[in-house]
Amino acid sequence: MPVPSPEPTDAAPAVPGPQIRQLILQFAASLAVLSLAWPYYGIRNETLPWPQTALAIGAVAGLLASLSRQPWWWRVMHALFAPLAWSVSTLSIDPGWFLLLFIMLLLVYRGAAGGQVPLYFSNRPTAAALARITAELPDLRFLDLGAGIGSVLLPLARERPDAHFTGVENAPATWLLGHLRTAGLANCDWRWGDLWRSDFAAYNVVYAFLSPAPMAALWNKVEQEMPPGSLLISNSFAVPSIPPTYVIDVADARQTRLYCYRSGNPRH
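Residues numbered from 1 in each chain as written. Predicted model: local features only at pLDDT ≥ 70, side-chain atom pairs only at ≥ 80, totals over all residues. Heavy atoms only, no water.

### Concerning the overall build of the chain
A count of helical and extended segments in the chain gives nine helices and seven strands. A total of 268 residues make up the chain; the buried ones form 41% of that total. Nonlocal contacts in the chain, meaning residues at least 24 apart in sequence, comprise 66% of its contacts between residues at least 6 apart. Only carbon and sulfur atoms are counted for the fraction: they give 65% of the accessible area of the chain, which is about 14,800 Å². (Helix = DSSP H or I, 4+ residues; strand = E, 2+ residues; numbered from the N terminus. Buried < 20%, exposed > 50% of the residue type's maximum accessible area, 1.4 Å probe, protein only. Contact = heavy atoms within 4.5 Å. Areas by Shrake-Rupley, 256 points an atom, 1.4 Å probe, with all protein chains shown as cover.)

### A look at the environment of Thr134
Locating Thr134 in the fold gives a position in the loop between helix H6 (124–133) and strand S1 (141–145). A C-alpha to C-alpha distance of 9.7 Å links Thr134 and Leu156, two positions 22 residues apart in sequence. Every residue in contact with Thr134, bar those within four places of it in the chain, is listed here: Leu140, Phe142, Arg160 and Val205.

### Remarks on helix H3 (residues 72–89)
For an α-helix, the turn length of 3.6 residues means that residues three or four places apart are oriented alike. Under the 1.5 Å per step criterion, the end-to-end length of H3 is 26 Å for 18 residues, consistent within 8% with the ideal 26 Å. For H3, the set of buried residues is Trp74, His78, Ala82 and Pro83. (Expected span 1.5 Å × (residues − 1).)

### Observations concerning the nonpolar core
Phe142, Phe200, Leu218 and Ile233 are the most contacted members of the largest nonpolar core, which totals 46 residues. When sequence neighbours within four positions are dropped, the list of residues in contact with Leu218 reads Leu145, Leu195, Trp196, Phe200, Ala208, Leu210 and Leu232. In terms of nonpolar packing, the next biggest core, distinct from the first, is built from seven residues, Leu25, Ala29, Val33 and Ile57 among them. (Core = buried A, V, L, I, M, F, W, Y, C linked by side-chain atoms within 4.5 Å.)

### Details of the sheet that holds strand S2 (residues 164–169)
The seven strands lie next to each other as S3-S2-S1-S4-S5-S7-S6, forming an open sheet whose pairing is mixed. For this open sheet the edge positions go to strand S3 (188–192) and strand S6 (246–249), each flanked by a neighbour on one side alone. Strand-to-strand twist in this sheet, taken as the mean axis angle between neighbours without regard to direction, amounts to 20 degrees. Pairing of S1 with strand S4 (residues 205–208), which is carried by four bridges, proceeds in the parallel orientation. Its bridge partner being in S4, Phe142 is matched across the sheet by Val205. Lying over the sheet, H6 contacts S1, S4, strand S5 (231–235), S6 and strand S7 (257–262), oriented at roughly 30 degrees with respect to S7. With respect to the sheet, helix H8 (residues 172–182) is in contact with S2 and S3, its orientation differing from that of S3 by roughly 160 degrees. (Pairing = 2+ DSSP bridges. Axes fitted to C-alpha atoms, helices over the stretch in contact; angles between N-to-C directions.)

### Re unusual backbone geometry
The phi angle of most residues is negative, glycine excepted, and most peptide bonds adopt the trans form. In the Ramachandran plot, Asn45 falls in the positive-phi region, its phi being about 55 degrees despite a non-glycine side chain. With respect to the helices and strands, the residue Asn45 is situated in the loop between helix H1 (18–43) and helix H2 (50–67). A positive phi angle, close to 80 degrees, is found at Ser236, a residue other than glycine. Within the secondary structure, Ser236 is located in the loop between S5 and S6. The class for Ser236 is partly exposed, based on a relative accessible area of 31%.

### Looking at the side chain of Ser234
By secondary structure assignment, the location of Ser234 is in strand S5. Of the polar contacts made by the side chain of Ser234, one reaches the backbone oxygen of Phe237; its length is 2.4 Å. The residues contacting Ser234, other than those within four sequence positions of it, are Ala208, Met215, Arg257, Leu258 and Tyr259. (Polar contact = N/O pair within 3.5 Å; in protein donor to acceptor, adjacent residues only side chain to side chain.)

### A closer look at the pattern of salt bridges
The tally for this structure, following the rule as stated, stands at seven salt bridges. Between Asp139 and Arg141 there is a salt bridge, with its nearest N and O atoms 2.5 Å apart. Asp139 gets classed as partly exposed once you look at its relative accessible area, which sits at 48%. Two residues, Asp162 and Arg160, come together in a salt bridge whose shortest N-O distance is 3.0 Å. A relative accessible area of 52% places Asp162 in the exposed class. Residue classification places Arg160 among the buried residues on the basis of a relative accessible area of 14%. (Salt bridge = Lys/Arg side-chain N within 4 Å of Asp/Glu carboxyl O.)

### Re H8
Taken as a whole, H8 has its buried residues at Thr174, Gly178 and Thr182. Relative to the axis of H8, the buried residues are bounded by an arc of 55 degrees and lie together on one face. (Arc of directions from axis to C-beta.)

Right, here's the structure in full:
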């Protein structure tokens, strides 16, 4: 359910975004290794051994990622990037295929590039659990952030014709598929947009299946915009330093946990 990360406010100092920081880290590792390897092999009048150099860059990048306390998946990506890039460069692949692959990935995984939010699909047991959680709300106004292809909104909107459901999605391919799937539901509003530009004030339940990265900012937005007593339900990712009001364990294969937070709680 890809969504972009929040933009810095005017009052905050300008700092590189998370993707820029990762590029800087990878560049620093490459510069460190090449600044030593090129002079060494140049003096010996030997060709630079690219397989070993790529492995060295990967090792240094992985070390820098660990020292800077990057999440584990970034450490793996940094360690593997240079060796994989060199391996692919040895294959006789037309560059046009790489461009096509990039475009296809961007159409589906835009949120991963823009805000560290991979594409996740909520399953049927999770949708059923959400239906139980919201069953007692007579005036349900439900917002799904990064709504994907409608895996949650479609079954909920069919089950609760008296409620109103809104999905926000910004990856072109998933938005289009979700729009087609929910087009016939009068109580479902499918929107192209950015969650950070969406107004939460009209909703009493917000559901998100994002990643650890935006959860603190998302909670701040919930507290600022939603009426007291409204509910934030986060699939799999807890809000840091904020105890959930309650947690629902979903009986599915991946052992999904739904972290539920009531807005208006004292801050910790």
